[in-house]
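Structure at a glance
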Amino acid sequence: MNWDWAYTFEILPQMAEASLVTLQVTALGFVLAAVLGLVWGIIGLLEIPGLTFCVRLFVEFVRTTPMLIQLFAMYYFLPQFGILLPAMVCGVVTLGIHYSAYCSEVYRSGFDQVDRGQWEAAKVINLTTWQTLKRIILPQAIPPIILPLGNYFVTMFKETPVLLAITVIELVATARIIGNDTFKYTEPITLAGVFFLLLSLAAAKLTRYVSEKAALPKPIRILRKRPDAPCA
């Protein structure tokens, strides 16, 4: 099998357009996952009777079942109850809900790094729960977990080919369609792999940059000279 450069450049625009669809699905799914994960994390943090148990049960269920099953359930079962979602929307929602369970654990680890005594201090100065979260807890909990959240973004990006099961035409689906039409699979599949590689590296680098910029300042240690220390 010989590599056909003319064929490669011919299909390159189509593959690039498909990569934008993949990015769009990933970005929207990640935003949903980050928001829902934060909600699950806060509910678990506040220990709301009944609601916290239900959320933890839901998170555990989502984490222990395959995403493909959840995708099929969303796409094929909901119409039986009169809920019709386009394939693109269904894919975004499934990705968001699935990864929100993992993001909630990342948020929980961030909350655990904040000293519980700060909640008591906030109560002393009459701050509400929302004010405490907004002004004290979240600004300290979020920066250290940006990198783990970014890792899930990259993982989600690489999971998008599963949406082919519900006819979302993303990067891998486009490569397969091109291959089926031309009976040449090497070039489109290779291009799909190259796009995944480049975009994953770019996302990882961006995540590290944002993590470094948002990092909390390290405490300054002041070294005091002992009174009996000899002078230099």
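Scroll up to find the structure.
Every value quoted in this text rests on a predicted model; they were computed, and no experiment measured them.

**Some words on the overall build of the protein**
The helix and strand inventory of the protein stands at nine helices and zero strands. Reading the secondary structure of the protein in the N-to-C direction produces α-α-α-α-α-α-α-α-α. Relative to a compact globule of 232 residues, whose C-alpha radius of gyration would be 17 Å, the protein shows 24 Å and is clearly more extended. Projecting the C-alpha coordinates of the protein onto the three principal axes gives extents of approximately 80 × 60 × 25 Å. Sorting the 232 residues of the protein into buried and exposed places 37% on the buried side. Taking as baseline every contact in the protein between residues at least 6 positions apart, the subset at least 24 positions apart corresponds to 79%.

**Examining the pattern of salt bridges**
Under the criterion given, the structure shown has four salt bridges. Two residues, R56 and E47, come together in a salt bridge whose shortest N-O distance is 2.9 Å. Among the salt bridges present, the one from R108 reaches E105, with a minimum N-O distance of 3.0 Å. Residue R108 and its partner E105 are located together in helix α4 (residues 87–112), separated by three residues, close to a single helical turn. Under the relative-accessibility criterion, R108 is labelled partly exposed at 44%. Residue class for E105 comes out partly exposed when judged on its relative accessible area of 27%. One network of salt bridges, in which partners are shared, links E105, R108 and D112.

**Section: a nonpolar patch on the surface**
On the surface, a nonpolar cluster with roughly 450 Å² of combined accessible area is contributed by W3, W5, F9 and L12. The topology assignment puts F9 in helix α1 (residues 5–46).

**A few points about the layout of surface pockets**
The volume enclosed by the largest pocket comes to roughly 270 Å³. Residue assignment for the lining of the largest pocket shows that the elements contributing at least two residues are α1, α2 (51–63) and α4. A per-element tally of the lining of the largest pocket places α4 first, with five residues. Classifying every residue of the lining of the largest pocket by side-chain character gives five nonpolar, three polar and seven charged.

**Structural notes on the packing of aromatic side chains**
Under the defined criterion, the tally for this structure stands at ten aromatic pairs. For the ring pair F30 and F153, a centre distance of 5.3 Å and an interplane angle of 85° mean the geometry is edge-to-face. Of this pair, F30 sits in helix α1 while F153 sits in helix α7 (residues 146–159), and the two are 123 residues apart along the sequence. Ring centres of Y99 and Y102 lie 5.9 Å apart, and the angle between their planes is 45°; this geometry places the pair in the tilted category.

**A closer look at the side chain of T22**
On the secondary structure map, T22 appears in helix α1. A residue is classified by how much of its surface remains accessible, and T22, at 1% relative accessible area, is buried. A distance of 3.1 Å separates the side chain of T22 from the backbone nitrogen of L171, its partner in a polar contact. What T22 contacts, discounting residues up to four positions off in sequence, is F157, T160, E170, L171 and F196.

**Digging into α4**
Its 26 residues give α4 an end-to-end C-alpha distance of 38 Å, which sits within 8% of 38 Å, the value for a rise of 1.5 Å per residue. Where α4 bends most, at S100, the angle is about 35°.

**Overview of the side chain of Q70**
Tracing the backbone through its elements, the reader meets Q70 in helix α3 (residues 67–77). At 3.0 Å, the side chain of Q70 forms a polar contact with the backbone oxygen of V62.

**Some thoughts on the packing of α4 against α7**
The contact between α4 and α7 brings their axes to 10 Å, and the two run at 160°. As far as their axial angle goes, α7 and α4 are roughly antiparallel. Note that α4 runs across α7; the crossing there is right-handed. Along its contact with α4, which presents L95, Y99, Y102, C103, V106 and Y107, the element α7 presents P148, L149, Y152, T155, M156 and E159. Of the residues that constitute the contact of α4 with α7, the class distribution is ten nonpolar, one polar and one charged.

Reading the values: the criteria
- All chains use their own residue numbering, which begins from 1 and follows the written sequence.
- Per-residue local features of the predicted model are confined to residues with pLDDT of at least 70, and side-chain atom pairs are confined, for both listing and counting, to 80 or more; whole-chain, interface and lining totals are unaffected and use all residues.
- Side-chain numbers here rest on the full set of heavy atoms in the structure, without hydrogens or water.
- Under the scheme used here, helices are H or I runs from DSSP no shorter than 4 residues and strands are E runs no shorter than 2 residues, and both carry numbers assigned from the N terminus.
- Every radius of gyration here is taken over C-alpha atoms, with the globule rule written as 2.2 Å times N^0.38, N being the number of residues.
- Relative accessibility thresholds used throughout: buried, under 20% of the residue-type maximum; exposed, over 50%; partly exposed, between the two (1.4 Å probe, protein chains only).
- It only takes one pair of heavy atoms within 4.5 Å for two residues to be counted as in contact.
- Any carboxyl oxygen of Asp or Glu within 4 Å of a side-chain nitrogen of Lys or Arg constitutes a salt bridge here.
- Residues with no salt bridge and a relative accessible area higher than 30% make up the patches, which join like charges within 9 Å and nonpolar side chains (Val, Leu, Ile, Met, Phe, Trp, Tyr) within 5 Å.
- To be clear on the numbers: accessible area is Shrake-Rupley with a 1.4 Å probe, and residue cover counts the displayed protein chains and nothing else.
- Both cavities and pockets are sets of points on a 1 Å grid over the protein atoms alone; in a cavity a 1.4 Å probe fits but cannot get out, in a pocket the set is open with protein on both sides within 12 Å along at least five of seven lines, and lining residues sit with an atom within 4 Å of a point.
- Grid points are joined across faces, edges and corners, and a volume is the space filled by probe spheres set on the points.
- The nonpolar class holds Ala, Val, Leu, Ile, Met, Phe, Trp, Tyr, Cys and Pro. Asp, Glu, Lys and Arg form the charged class, and all remaining residues, Gly among them, are polar.
- Stacked, edge-to-face and tilted are the three classes for Phe, Tyr and Trp ring pairs, Trp counted by its six-membered ring, which pair at centre distances within 6.5 Å; planes under 30 degrees apart are stacked, over 60 edge-to-face, the rest tilted.
- We call two N or O atoms a polar contact when they sit within 3.5 Å, provided that within protein one can donate a hydrogen and the other can accept it, with sequence-adjacent residues counted only if both atoms are side-chain atoms.
- How far a helix is expected to stretch is found by multiplying one less than its residue total by 1.5 Å.
- Here the bend at each residue means the angle between axes fitted to two seven-residue stretches, the one ending at that residue and the one beginning there.
- The angle between two axes is taken between their N-to-C directions and runs from 0 to 180 degrees, where each axis is a line fitted to C-alpha atoms and a helix contributes only its stretch in contact.
- Orientation is classified from the angle alone, with under 35 degrees giving roughly parallel, over 145 giving roughly antiparallel, 65 to 115 giving roughly perpendicular, and any other angle giving oblique.
- What makes a crossing left-handed is the near helix being turned counterclockwise from the far one by less than a right angle; a clockwise turn instead makes it right-handed.

Read these as geometric descriptors, not functional statements.
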